[in-house]
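# Fold and contact review
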Amino acid sequence: MHVHKTPSTPRDFTQGILNGAKEIVTARLGSGDLGAIDTFVHGATVVLNALLQLKLPRTGLITTTGFRDVLEIMRTNNPFMYDLQYVKPSPLVPRSLRLEVGGRIRHTGEELVPLNEDDVRLAAARLRQDGVEAVGVCLIHAYASSAHERRVGEILAEELPGVTVCLSSDVAPEWREFERTSTTCINAATVPIISSYLGRLSEQLKERGLKRDLLVMQSNGGVMTTDAACKWPVRTVMSGPSGGVVGAATLAAQIDVPNVVTLDIGGTSSDMGVIANGRAITVVESVVADAWPVLAPMIEILSIGAGGGSIAWLDAGDALRVGPQSAGADPAPICYGKGGTEPTVTDANVVLGRIDPEYFLGGRMRLDVDGAREGVGRIADAVGLSLEQAADGIVQIANTHMSKAIRSILIERGYDPRDFVLMGFGGGGGLHTAAAMRELSIPHGIVPSNPGALSAIGMLGTDFRHDRARTLVRPVADLDANEVEKIFAELEGEALAALIAEGVEQSAVEMRRSADLRYVGQEYHLSVSLPSRGEPLVAEELSSQFNREHERIYGYSTPDSPVQLVNLRLVGIGHTESPALPRIGRRPDGESLEPVKWRKVYFAGSGWTETPIYSVENVLAGDTLPGPSILEDPRSTMLILPGQSGEIDELRNLHIYEVVK
């Protein structure tokens, strides 16, 4: 395994990817030719960035008469309960581009009113006149029958050549009109963006010798081909962060740790995910950019604006704040010397002596210590603290933000943080894991080997995956096993065809079934697993399983209440071979790990402390690192606090424990 890290290039992300590929292949093979590569996986952030920045093409919507304003009405709930001035986010598609057509499908799939094709052609003419680049089609009850939507799609293909058209029955064939409409419009609006980006990247990779198709990470933890990603970009919204959770799950399985909460710290944000009983927790509905719901399976990830580039600032009352504003990769923290002027979490860690300015990126990049001290010093002078106190305060505030988010994502799922191991990775994960686990009373933390590249390592062992769903509202007591089996057979056929088209052998395919259940009268549902093909479907067991899950999450259940089926779900997985992680030997008896040097590091309560610095290149399995100490990697820094101890396992992971007194 060869790991390499290169700076991102925000003005054109493809250049950073191409630079990294060329550099690592040259280091490995002596040439920048990519022809020897069998698999190239990319975690794309282009869709999320476009949604966050609202840099979207002109997009239209065609819907059923009477449903033009679904995107405007949204839901009646206020996510900020006590904010009386809350204003709903603006819809992705303005009202002038939301057009109605006659026709009606019933919730049973029967045609109530025939589709008015003249309306469709008139709508197409208006959208053409308005210069739209993409159109979403979301007709009422299209999840029950896609016939009307299919015909609308055919007409639009005739009337609007070259314009992207997305049907809700393809993108999100589930009930909930607002969520389905939102998902379809997001998908339509981002198809031109991701198609241009991935097309350009794929072409440039081919010019450099890559013979295989570029694979793209999905939000659900699987990969798909570039063609599939261009068709369903909404499934790549959390493409980047999901790779880290997959990598953590793969590593956790190899070291036999079933319950893990992940802390992926990058430059702008910290991303948290949960692995319970060996599997990453996924959700089938989420909200993107704090505004628009998405009906698409994805690993549940909570992101907050607290990363290495998060800016320290003073509010109107001169209270110290950190984030969510970020210096990002451009202009970057002050210490990077790229023009940044605002002090960040990374600058604070440099001031505290926790990052070696001479060894950043293995010595390939020198840090500006004086610039960092000057920037943090402005904060210190403004609040009347010493330089070290201000820097420590910045780091502690960032740690608190992360700890609160971790506690939230665990407790809302019905889990006790003390039953989990905290795994910190990303460029800044090693610096903050020890403090976060202490604040959460988590006794065991892990910083993986190559923490700054765990997301990339996770992607290399990711399976192909396709999710399918079908709405079927029935009382569980009245379920017809034959009807359920027929639907699953259709879903399995679709998923299998998609996997085989991507080159997966049928012998490597696994199908997982589940159902969304709720008590009759409830608004939302919980998912429970179902037996595989050929195994009996027992209604009583389904209800019992749902009651147990309801009890675990909400603390109560009502077994006498009737349970209702809402959706059937299928996950088709094409298993691939995970890369073997390199193992290290143990140190001969009588030898001990020696620090490569000592450095003064500041710790609250202890002040400047002469601290041993160890190199990841020198450690062996079984080595112990007493706190306080620092373990340095060319791409990251790992901190062990006073009162803690570290231990290296055979995969070169650092395990951090609180010392029991």
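Residues numbered from 1 in each chain as written. Predicted model: local features only at pLDDT ≥ 70, side-chain atom pairs only at ≥ 80, totals over all residues. Heavy atoms only, no water.

### Observations regarding the overall build of the chain
The secondary structure content of the chain amounts to 16 helices and 30 strands. Taking 661 residues into account, the globule formula puts the C-alpha radius of gyration at 26 Å, and the chain, at 26 Å, falls close to it. Dimensions of the chain along its principal axes, counting C-alpha atoms only, are 80 × 60 × 55 Å. By residue count, 53% of the 661 residues in the chain fall in the buried class. Within the chain, residue pairs in contact and separated by at least 24 positions form 68% of the contacts whose partners lie at least 6 positions apart. On the chain, roughly 28,800 Å² of surface is accessible, and the fraction owed to carbon and sulfur atoms is 50%. The distance from the centre of the 61 positive side-chain charges to the centre of the 83 negative ones in the chain is 2 Å. (Helix = DSSP H or I, 4+ residues; strand = E, 2+ residues; numbered from the N terminus. Rg over C-alpha atoms; globule rule 2.2 N^0.38 Å. Buried < 20%, exposed > 50% of the residue type's maximum accessible area, 1.4 Å probe, protein only. Contact = heavy atoms within 4.5 Å. Areas by Shrake-Rupley, 256 points an atom, 1.4 Å probe, with all protein chains shown as cover. Lys, Arg positive; Asp, Glu negative; His and termini not counted. Charge placed at Lys NZ, Arg CZ, Asp CG, Glu CD.)

### A word on the packing of helix 12 (residues 387-411) against helix 13 (residues 429-440)
Two numbers describe how helix 12 lies on helix 13: the axes approach to 9 Å, and their chain directions differ by 55°. If you check the angle between helix 12 and helix 13, you find them oblique. The handedness of the crossing between helix 12 and helix 13 comes out as right-handed. Residue-level inspection shows Val395, Asn399, Thr400, Met402, Ser403, Ile406 and Arg407 of helix 12 in contact with helix 13, the latter providing His432, Ala435, Ala436, Glu439 and Leu440. A per-class count over the contact of helix 12 with helix 13 returns 6 nonpolar, 4 polar and 2 charged. (Axes fitted to C-alpha atoms, helices over the stretch in contact; angles between N-to-C directions. Parallel < 35°, antiparallel > 145°, perpendicular 65-115°, else oblique. Left-handed = near helix turned anticlockwise from the far one by under 90°. Nonpolar A, V, L, I, M, F, W, Y, C, P; charged D, E, K, R; others polar.)

### As for the packing of aromatic side chains
Counted under the stated rule, the structure contains 4 aromatic pairs. With 5.2 Å between their ring centres and 70° between their planes, Tyr415 and Phe420 make a pair best called edge-to-face. This pair shows no difference in class: Tyr415 is buried, exactly as Phe420 is. Here the basic side chain of Arg235 rests over the ring of Trp232, its NZ or CZ set 4.1 Å away from the ring centre. (Phe/Tyr/Trp six-rings, centres within 6.5 Å; stacked < 30°, edge-to-face > 60°. Lys NZ or Arg CZ within 6 Å of the ring centre and 35° of its normal.)

### So, the sheet that holds strand 24 (residues 597-603)
Reading across from one edge, 24-25-27-28 is the order of the 4 strands in this open sheet, with mixed pairing throughout. Only two strands of the sheet have a single partner each, and these edge strands are strand 24 and strand 28 (636-640). Strand-to-strand, the axes of this sheet are offset by a mean angle of 35°, without reference to chain direction. In terms of strand pairing, strand 25 (residues 607-615) meets strand 27 (residues 629-633) through 3 bridges, oriented parallel. Each bridged residue has a counterpart across the sheet, and for Ser615 the counterpart in strand 27 is Glu632. (Pairing = 2+ DSSP bridges.)

### Thoughts on the pairing of strand 27
The two faces of the sheet receive side chains in turn, since in a regular strand these alternate between them. Taking burial as the measure, the 5 residues of strand 27 include 5 buried ones, the bulk of the element. Alternating residues of strand 27 divide into Ser629, Leu631 and Asp633 and Ile630 and Glu632, and every residue in both groups is buried. Between strand 27 and strand 28, which follow one another and run antiparallel, lie 2 residues.

### Some remarks on the sheet that holds strand 7 (residues 164-167)
What the 4 strands build is an open sheet, ordered 3-2-6-7; its pairing is parallel. Two strands in the sheet have a free side with no partner beyond their single neighbour: strand 3 (98-101) and strand 7. Across the sheet, the mean angle from the axis of one strand to that of its neighbour is 20°, orientation sign disregarded. Note that strand 6 (residues 134-138) and strand 7 share 4 bridges and pair parallel. When the sheet's bridge partners are listed, Val137 is paired in strand 7 with Leu167. Where helix 4 (residues 117-129) meets the sheet, its contacts fall on strand 2 (59-64), strand 3 and strand 6, and the angle it forms with strand 3 comes to roughly 165°.

### What to know about the environment of Ser629
By the secondary structure assignment, Ser629 is in strand 27. Residue class for Ser629 comes out buried when judged on its relative accessible area of 0%. Taking the C-alpha atoms as reference points, Ser629 and Gln644, 15 residues apart in sequence, are found 9.3 Å from one another. The contact partners of Ser629, leaving out residues within four places of it in the chain, are Thr611, Pro612, Tyr614, Met638, Leu639 and Ile640. For Ser629, the side chain forms a polar contact with the main-chain oxygen of Pro626, separated by 3.0 Å. (Polar contact = N/O pair within 3.5 Å; in protein donor to acceptor, adjacent residues only side chain to side chain.)

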